[in-house]
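# Coordinate analysis (summary)
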Amino acid sequence: MDGKYKVIEIYEMDFGCEERAEGMEDMVQVRLCSTSGEIITVQAPDASLYEQDIIEGSEVSLTDGKLKKYSEIFG
């Protein structure tokens with residue numbers, strides 16, 4: 001699953017009628033498309049995406065379950 005991906009969708013996690021547990025970090029679901037066309041969905045901290053300016057269309061690297069904006073890695 002590690003590798004280079006393009007972000008195709010970012011959406012909030014659905015807790016249904018339950019509320020998010022107090023103190024729980026805001027998480028989002030991120031749908032990714034690999035260079036070979038494989039679609040996967042991962043969870044990521046919303047704050048981390050904002051910090052790295054990861055938006056739909058961004059190229060990212062997925063390593064050990066963590067997203068990093070591709071330009072941040074290779075300048």
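Definitions and cut-offs
Residues numbered from 1 in each chain as written. Predicted model: local features only at pLDDT ≥ 70, side-chain atom pairs only at ≥ 80, totals over all residues. Heavy atoms only, no water. Salt bridge = Lys/Arg side-chain N within 4 Å of Asp/Glu carboxyl O. Helix = DSSP H or I, 4+ residues; strand = E, 2+ residues; numbered from the N terminus. Buried < 20%, exposed > 50% of the residue type's maximum accessible area, 1.4 Å probe, protein only. Phe/Tyr/Trp six-rings, centres within 6.5 Å; stacked < 30°, edge-to-face > 60°. Lys NZ or Arg CZ within 6 Å of the ring centre and 35° of its normal. Polar contact = N/O pair within 3.5 Å; in protein donor to acceptor, adjacent residues only side chain to side chain.

Taken as a whole and judged by the stated rule, the model has 3 salt bridges. The partner of Lys 4 in a salt bridge is Glu 59, and the shortest N-O contact between them spans 3.6 Å. Residue Lys 4 is found in strand β1 (residues 3-12), and its partner Glu 59 is found in strand β4 (residues 59-63); the two are separated by 55 residues along the sequence. When its relative accessible area of 31% is taken as the criterion, Lys 4 is described as partly exposed. Close ionic contact of Asp 53 with Lys 69 constitutes a salt bridge, the shortest N to O distance being 3.7 Å. With Asp 53 in the loop between α1 (46-52) and β4 and Lys 69 in strand β5 (residues 66-69), the pair connects residues that are 16 residues apart, well separated along the chain. A relative accessible area of 47% means that Asp 53 is categorised as partly exposed.

Turning our attention to the packing of aromatic side chains. For the structure on display, the rule yields 0 aromatic pairs. Positioned above the aromatic ring of Tyr 70, the side-chain terminus of Lys 4 is 4.4 Å from the ring centre.

What follows covers the side chain of Ser 61. For Ser 61, the position within the fold is in strand β4. The exposure class of Ser 61 is buried, given its relative accessible area of 12%. Among the polar contacts made by the side chain of Ser 61, one reaches the side chain of Thr 63 at a distance of 3.4 Å.

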